Amino acid sequence: MNENNEQILKQKLRKEDYTIIKNLNNVHLENFISDYIKLCNPSDVFVCDDSDERISFIRDEAVNTGEEKKLKMDGHTIHFDGIDDQARDKANTKYLVEADENFDKNLNQIERNQGIEEIKGIMNNIMNGHRMYIMFFCLGPQNSKFSIPCVQITDSAYIAHSEILLYRQGYKEFKRMNGSNNFFKFVHSEGELENGVSKNIDKRRVYIDIKNNLVYSVNTQYGGNTLGLKKLAMRLAINKGSNEGWLTEHMFLMGVNGPNGRKTYFTGAFPSACGKTSTSMIPGERIVGDDISYLRVIDGKIRAVNVEKGIFGIIAGINQKDDPVLWQVLNSPGEIIFSNILVTENNEPFWEGKSDTIPEKGVNFSGEWFKGKKDASGKEIPVSHKNARFTASLDSVPNVDENLHNPAGVVVGGIIYGGRDSDTSVPVEESFDWVHGIITKGASLESETTAATLGKIGIRKFNPMSNLDFLSIPIGKYIKNNLDFVKDVENPPKIFSVNYFLKDNNGDYLNDKWDKRVWLKWMELRCYNEVDAIKTPTGLIPKYSDLKKLFKELLSSEYSEESYIKQFTIRIPEQLNKLDRIMDIYKNKVSDTPDILFNVLEEQKQRLEKFRNELGDYISPLQL
Ligand code: SPV
Ligand code: MN
């Protein structure tokens, strides 16, 4: 470490904080911290080790700085992000790449020197008058093959507090590392604040330096842009995993209970707002994680862990009837940070869909709110933001799985891909094999935007493995990594697709919210071939008699043959259109598509055409 850096640490840190850093014996860490103290020039620096005392300090700070306010129930707080800072800023999230680097042009990027000059210009003195928090965390369980130690620098006590709820403590991991440089680094500043929210939104930037495992995030507060260990680390981890032969996926991880005490673990990739969290939290099953998983092949089996230990979940629509588990969590005392919901006159949280009786007034992301309040353009401001969220630790969830912190992870029995699809795929389907599943389900994943609110039909967005927003390697390479992942796996997990959003010709949903309980149980049984399936051109679908039985057992409902036919009819024209869309993207927009992708899609097309010639456009499953 150079002398200048040593001086900075000595000058700027209190003695105890200095000792906490020094005890880690890590010159890379010391240089990193002193570099950003120098650049950001905070008025004070607080270092958090894994001690309860220091963690409590952060929790209190979040309230003392005004970033969070206490709500009525014990442990509940509310945080607001700025009105224009309520979601991930895709346009200003960029990779730093060398001028001569051949980086996938589909991924947003900026020339390295130019990007660094810009971001460092913005960060110069940015923490003036603010306290800097230095936090240590661990992605994945501690002391495990999956663990990635991380250091987060931030001037937001709200972000530090959120990460305490969402991630495992990492100070001991840094001790174990023995001075290595093999850790992720995040620097965040909310920048200048006005009424408690980031003021300089025009200078909001998230820049990712893969080469140095470092991400910068400035002039923003929204978690998706600022929680280093969430979607920022995900980009670094996709690249790291690609180099080292493992996968980082936008997947939940859950245990589905089978017959005779058996439990089978599933991972599931769904784009944002397509039912990923609610599936992972289904009553009667076990949640390990709701958002991000690492997958590794260990001793011939795929094993997975939840990268996180908490949930940063969408709150809109959560109600007592449809989400009993979450409802209980959100209505019990305990540490929960609500963001961008409405605070009622009784100092209670209210969000869209919580109940039918909407409060007359309160405070929300737009300030003082009342029914009918309009924004500058005359549009009515909703009671809470549609991306309003809650942050809670999984410890507070009653059906959390016993293996959440298992350093060995859990064996993956099945993989699910889901999207919002009103007219093409059946509610649940198994692929023929790994390659067919990765290509026709994962790599072909699409999801409809909820543009329906603008009076338009949903626009389908291509989103391979629901991971498109976070890819840091070329799309074709990413697909190939997935295909090759099981080369040493004897019995690869089955791959399924689900679709909760299928509609009939009148635009009504063909399924009930709870039907997913049946699909999960059917998939669990299929993992052991304990129920039969019907072969279609696109995969294997359930038999009516098996579903009828499961609906009765699980939901006490009579599943009619008519419903089955409507839900599981093979819609050949729509399937063929989808194949054309996907082929077009891989042919014209992706430069490194593996050839096998075209072969597998072409074979599917031929099977569909053959069926159409024999049986027509729409084929009832009873005809097969
Ligand atoms: C998602 O949008 O997929 C999320 C929330 O999980 S964010 O942190 O914004 O990515
Ligand atoms: Mn997500």
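Everything below is about the structure shown above.
Residues numbered from 1 in each chain as written. Chains lettered and ligands numbered in written order. Predicted model: local features only at pLDDT ≥ 70, side-chain atom pairs only at ≥ 80, totals over all residues. Heavy atoms only, no water.

Caption draft 1: Summary view of the coordination of the manganese ion (ligand 2). Only Lys-231 (NZ), His-250 (NE2) and Asp-291 (OD) from the protein coordinate the manganese ion (ligand 2), and they sit 2.2 to 2.3 Å from it. Between consecutive donors of the manganese ion (ligand 2), the numbers of intervening residues give the motif K-x18-H-x40-D. Here Lys-231, found in helix α9 (residues 228-244), pairs with His-250, found in the loop between β14 (247-249) and β15 (251-257); they are 19 residues apart in sequence, far enough to count as distant. Neither residue differs from the other here; Lys-231 and His-250 are each classed as buried. (Donors = N, O, S within 2.8 Å, 3.2 Å for Na, K, Ca; no water. Helix = DSSP H or I, 4+ residues; strand = E, 2+ residues; numbered from the N terminus. Buried < 20%, exposed > 50% of the residue type's maximum accessible area, 1.4 Å probe, protein only.)

Caption draft 2: Layout of unusual backbone geometry. The residue Asn-213 is not glycine, and still its phi comes out positive at about 50°. With respect to the helices, strands and loops of the structure, Asn-213 is situated in the loop between β12 (205-209) and β13 (214-218). Residue classification places Asn-213 among the buried residues on the basis of a relative accessible area of 18%. Located in the positive-phi region is Asn-340, a residue other than glycine, with phi close to 65°. Along the chain, Asn-340 turns up in the loop between β21 (336-339) and β22 (342-343).

Caption draft 3: Geometry of the site of ligand 1. Near ligand 1 the following residues occur: Arg-88, Tyr-222, Gly-224, Lys-230, Lys-231, His-250, Ser-272, Asp-291, Phe-312 and Arg-389. In the environment of ligand 1, an oxygen atom lies 3.2 Å from a nitrogen or oxygen atom belonging to the side chain of His-250. Against a free-state accessible area of 280 Å², the protein chains account for coverage of 94% of ligand 1. Of the residues assigned to the shell around ligand 1, the class counts are two nonpolar, three polar and five charged. Mapping the shell around ligand 1 onto the domain boundaries places at least three of its residues in each of domain 1 (3-67 + 89-244) and domain 2 (248-308 + 403-623). (Near = heavy atom within 4 Å. Polar contact = N/O pair within 3.5 Å; in protein donor to acceptor, adjacent residues only side chain to side chain. Areas by Shrake-Rupley, 256 points an atom, 1.4 Å probe, with all protein chains shown as cover. Nonpolar A, V, L, I, M, F, W, Y, C, P; charged D, E, K, R; others polar. Domains from an automatic or database assignment.)

Caption draft 4: Expanded view of the packing of aromatic side chains. Enumeration over the complete set of coordinates arrives at 27 aromatic pairs. Centroid distance Phe-462 to Tyr-586: 5.4 Å. Interplanar angle 85°. Geometry classified as edge-to-face. Taken together, the residues span a long stretch of sequence, with Phe-462 in strand β30 (residues 460-462) and Tyr-586 in helix α17 (residues 572-588) at a distance of 124 residues. Across the pair, Tyr-586 and Phe-462 agree in class, each one buried. Three or more aromatic residues link up through ring pairs in this structure, and these residues are Trp-519, Tyr-544, Phe-551, Tyr-559, Tyr-564 and Phe-568. Seen from the ring of Phe-183, Lys-185 lies directly overhead, with NZ or CZ sitting 4.5 Å from the centre. Across the ring face of Phe-501, the terminal group of Arg-420 is positioned such that the distance to the ring centre comes to 4.1 Å. (Phe/Tyr/Trp six-rings, centres within 6.5 Å; stacked < 30°, edge-to-face > 60°. Lys NZ or Arg CZ within 6 Å of the ring centre and 35° of its normal.)

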